[in-house]
Amino acid sequence: MAPSDLDADIIIRPMKSCRVVRGSTPFHGKQGLDYFAGVSAESAGSKAICMHMLVMPPGASAKAHFHESHETAIYMLEGVTEFRHGAELENCDRVEAGDYVYIPAGVPHQPYNPTDKRAVALIARTDPNEQESVVLVDG
């Protein structure tokens, strides 16, 4: 094959670019907690993931909620939290620094900080838009 034949078969696609997202101002989520926006559709043009940081003050509690079609992964950086989860929020688990949490799509959950120290977690979700899939439930 001659070089000119190869050139005809090459499809040129626009190159996507990497992004660095600097720490930002917190935003208040539907869940009732303040998050520090990180990677999302809005900040980085992501298509299938968002990642934010949550700093939960002592005694704070989120509103019970679920994410319609999106999975959530959490890594606890600092402190201790607990979260109720399940169809009727009938289960409760303790989460400590170094723990990972997986929350399937559609599962109601309600995190809270029962301690007198702050808790810090990284949260990643398969929804690039942080608040679109948040559905509040009675809890």
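The rules behind these values
Residues numbered from 1 in each chain as written. Predicted model: local features only at pLDDT ≥ 70, side-chain atom pairs only at ≥ 80, totals over all residues. Heavy atoms only, no water. Salt bridge = Lys/Arg side-chain N within 4 Å of Asp/Glu carboxyl O. Helix = DSSP H or I, 4+ residues; strand = E, 2+ residues; numbered from the N terminus. Buried < 20%, exposed > 50% of the residue type's maximum accessible area, 1.4 Å probe, protein only. Pairing = 2+ DSSP bridges. Axes fitted to C-alpha atoms, helices over the stretch in contact; angles between N-to-C directions. Core = buried A, V, L, I, M, F, W, Y, C linked by side-chain atoms within 4.5 Å.

**Q** Could you clarify how one ought to interpret the pattern of salt bridges in this entry?
**A** Where charged atoms from two side chains of opposite charge approach closely, those side chains can pair. Tallying each qualifying case throughout the model produces three salt bridges. The closest approach of N and O atoms between Arg 118 and Glu 78, which form a salt bridge, is 2.9 Å. Of this pair, Arg 118 sits in the loop between β9 (109-112) and β10 (119-125) while Glu 78 is found in strand β5 (residues 72-78), placing the two residues 40 residues apart along the sequence. Assessed through its relative accessible area of 32%, Glu 78 is described here as partly exposed. A salt bridge links Glu 96 to Arg 94; the shortest N-O distance between them is 3.3 Å. Since its relative accessible area comes to 39%, Glu 96 is described here as partly exposed. Exposure remark for Arg 94: the relative accessible area of 46% places this residue in the partly exposed category.

**Q** I keep staring at the pairing of strand β3 (residues 50-56) and nothing clicks. Help me out?
**A** Consecutive side chains along a regular strand alternate between the two faces of the sheet. Here β3 shows a clear split, with Cys 50, His 52, Leu 54 and Met 56 buried on one side and none of Met 51, Met 53 and Val 55 buried on the other. Bridge analysis of β3 against β10 gives seven bridges, and the strand direction is antiparallel. Counterpart to Val 55 in the pairing with β10 is Val 120.

**Q** Whenever I open this one, the sheet that holds strand β2 (residues 34-39) confuses me. Can you help?
**A** Hydrogen bonding along the main chain pairs the strands of a sheet, whether they run parallel or antiparallel. Here we have six strands laid out as an open sheet, ordered β1-β2-β3-β10-β5-β8, and antiparallel in their pairing. Of all strands in the sheet, those with a lone pairing partner are β1 (26-28) and β8 (100-103), marking the two edges. Averaged over neighbouring strand pairs, the angle between their axes works out to 30° when direction is ignored.

**Q** I keep staring at the nonpolar core and nothing clicks. Help me out?
**A** Among soluble globular proteins, nonpolar side chains are generally buried collectively. Counting 15 residues, the largest nonpolar core has Leu 33, Leu 54, Met 56, Ile 74 and Val 101 as the members making the most contacts within it. Among the elements of the structure, β3, β5, β8 and β10 are those that each provide at least two residues to this core. Per-element tally for this core: the top contributor is β10, with three residues.

**Q** What should I look at first to understand the pairing of β5 in this one?
**A** Pairing of β5 with β8 involves four bridges; the strand directions are antiparallel. Across the sheet, the residue bridging to Tyr 75 is Tyr 100, located in β8. Where β5 meets β10, six bridges bridge the pair, whose relative direction is antiparallel. Among the inter-strand pairings, Glu 78 is bridged to a residue of β10, identified as Val 120.

**Q** Please explain the environment of Phe 27 as it appears in this structure.
**A** Inspection of the secondary structure assignment puts Phe 27 in strand β1. Here Phe 27 falls in the partly exposed class, since its relative accessible area comes to 22%. Sequence-wise, Phe 27 and Ala 48 are 21 residues apart; in three dimensions their C-alpha atoms are separated by 20 Å.

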